[in-house]
Amino acid sequence: MSEQKLIAFMKNLKAKNPGETEFHQAVEEVAAEIIPFITANPKYSEAKLLERMVEPERTIIFRVPWRDDRGEIQINRGFRIQMNSAIGPYKGGLRFHPSVNLGILKFLAFEQVLKNSLTTLPMGGGKGGSDFDPKGKSDNEVMSFCQSFMSELFRYIGPDTDVPAGDIGVGAREVGFLFGQYKKLRNEFTGVFTGKGRSFGGSLVRPEATGYGNVFFAEEMLKTKGNSLKGKVCAVSGSGNVAQFTVEMLNKLGAKVVTLSDSNGFIFDKDGINEEKLAWVMELKNEKRGRIRKYAEKFGCEYSDGKRPWGVKCDAVFPSATQNEISKSDAEILVKNGCSVVSEGANMPTESDGVKIFLKAKILFGPSKAANAGGVAVSGLEMSQNSLRLSWTREEVLAKLQGIMQAIHANCLANGQEENFVNYAKGANIGGFIKVADAMLAQGVV
Ligand code: NDP
């Protein structure tokens, strides 16, 4: 019965959103858990809440013209998906990457709605970005692009309407340029962005929050087995914001991280990426904007070109680069090699068939919408601090982040318990859905 409903639901979604494969994938994974739940709770199915949730409240697509350093005009495409505002202003990052298209941003916005709901904070869901590639561009070119992008986006956002943040390709530098342009156009200093620099309203612990939060979530999952990350060998992918602070917190908790990657390949350092090596990576990636291959040259370890790190024998993995970076066969190899924890830092890094492998093997699998929610949670705390016009100490923000990750874990446990096994994917989907659905029900057909 539920299976037939899922097939009909997906057929309709695919017909309405042709070619948007990542969006189809994200919705199908959620709908597979939600349809049996709403069938058992007809107040949700009668109000067509799932059908409403997969339709963005608003989609904005715009032209972004800018001039490069040679004086040539370049044209990119800008997007903002305002997916759902039932529980708060739209909230979600901006991604600048050549692969960005409508389908990818709709998948991210849809996931963001449920993720933000799980954080316990009052934030709706959105996502945006551009097919602009900051790689290889000068600071001046990145600024020109950001100013042009914001010259259009500023009409649609605001501290009580829609509050963007960073994502792939949008770090401290880009957020600074975007915020500066918004302030100039509006003549207002408001908390319209999160992930801002410390000197203009940013929160302590925001840069660390996604990576740290993911490690806290993994530690909570391990606690249910009377275990911990101490002494565990870990594989991390990516080498950007999320990956860097995942490594930092894993080191603090006594784990050993042996891999990092970028879109060209991965390094394997059997001795572990310690604090000193991590500081070197941060400088390489955040300032010199170099490739991870350089790490192998500097520290004399293995580099595998064009490959991902999932063949390395390890106890726990923290995919922190991008969507669909763990295939079904990668998942099979990880399980075969004895990996017992997967905690997703990136959004939807595991293909649907890979998720099925992890669930079948009954390993601890923390899905992205729960495990990486620490970033947006501290963004929510940044919004609160901006509204109050004060800033909390590092200890205060860290304690709140830890409390939120524990609350998300408890929500997953409450909604994902199966016989002798916690299905965190199901728990996160149902837990995230209920709050948004109840708010939508209360607000009528809008
Ligand atoms: P960054 O831009 O800081 O880093 C991204 C890293 O992933 C880089 O090492 C990059 O390599 C690699 N990467 C990007 N695209 C690909 C690809 N197609 N194939 C292989 N490697 C790739 O981004 P973040 O660290 O902020 O984001 C990483 C992931 O975490 C994303 O999925 C993002 O949505 C998610 N996330 C981020 C949050 C945040 O607070 N920043 C919050 C929640 C989720 P290269 O430099 O070669 O491109």
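**Regarding the pairing of strand E4 (residues 125-130)**
- Of all the 6 residues making up E4, 6 are buried; the element is thus mostly covered by neighbouring parts of the structure.
- With burial as the criterion, each face of E4 is covered, one bearing Gly125, Lys127 and Gly129 and the other bearing Gly126, Gly128 and Ser130.
- Summarising the sheet, strand E2 (residues 73-84) and E4 pair through 6 bridges and their orientation is antiparallel. Residue Ile81 lies in a different strand from E4, and its bridge partner there is Lys127.

**With respect to the domain arrangement of the chain**
- In terms of domains, the chain is made up of domain 1 (2-53), domain 2 (58-189) and domain 3 (209-371).
- Spacing between the C-alpha centres of domain 1 and domain 3 amounts to 31 Å.
- Each side of the interface is counted separately: domain 1 has 5 residues, and domain 3 has 7 residues.
- For the domain 1 and domain 3 pair, buried surface summed over both sides reaches about 450 Å², with 50% attributable to carbon and sulfur atoms.
- Of all residues in domain 1, Glu22, Gln25 and Glu29 give up the largest surface area on contact with domain 3, accounting jointly for 79% of the area buried on that side.

**Remarks on the site of the ligand**
- Near the ligand you find 24 residues, and of these Asp167, Thr210, Ser263, Arg291 and Asn347 are the closest.
- At 3.0 Å from an oxygen atom of the ligand is found a main-chain nitrogen or oxygen belonging to Val242.
- Take Asn347: an N or O atom from its side chain is 2.8 Å from an oxygen atom of the ligand.
- Notes on the ligand: free accessible area 890 Å², of which the protein chains cover 83%.
- For the shell around the ligand, the secondary structure elements donating two or more residues are helix H8 (206-223), helix H9 (241-252) and strand E7 (256-262).

**Digging into the nonpolar core**
- Among the nonpolar cores identified, the biggest contains 55 residues, and Phe217, Leu250, Leu260, Phe318 and Ile408 are the most heavily contacted of them.
- In terms of residue count, the dominant contributor to this core is H8 (8 residues).
- Counting residues domain by domain, this core receives three or more from each of domain 2 (58-189) and domain 3 (209-371).
- The residues contacting Phe318, other than those within four sequence positions of it, are Asn214, Val215, Ala218, Leu229, Cys234, Ala235, Val236, Ser237, Thr246, Leu250 and Ser343.

Parameters at a glance
- Residues numbered from 1 in each chain as written.
- Predicted model: local features only at pLDDT ≥ 70, side-chain atom pairs only at ≥ 80, totals over all residues.
- Heavy atoms only, no water.
- Buried < 20%, exposed > 50% of the residue type's maximum accessible area, 1.4 Å probe, protein only.
- Helix = DSSP H or I, 4+ residues; strand = E, 2+ residues; numbered from the N terminus.
- Pairing = 2+ DSSP bridges.
- Domains from an automatic or database assignment.
- Contact = heavy atoms within 4.5 Å.
- Buried area = accessible area lost by both parts, 1.4 Å probe.
- Near = heavy atom within 4 Å.
- Polar contact = N/O pair within 3.5 Å; in protein donor to acceptor, adjacent residues only side chain to side chain.
- Areas by Shrake-Rupley, 256 points an atom, 1.4 Å probe, with all protein chains shown as cover.
- Core = buried A, V, L, I, M, F, W, Y, C linked by side-chain atoms within 4.5 Å.

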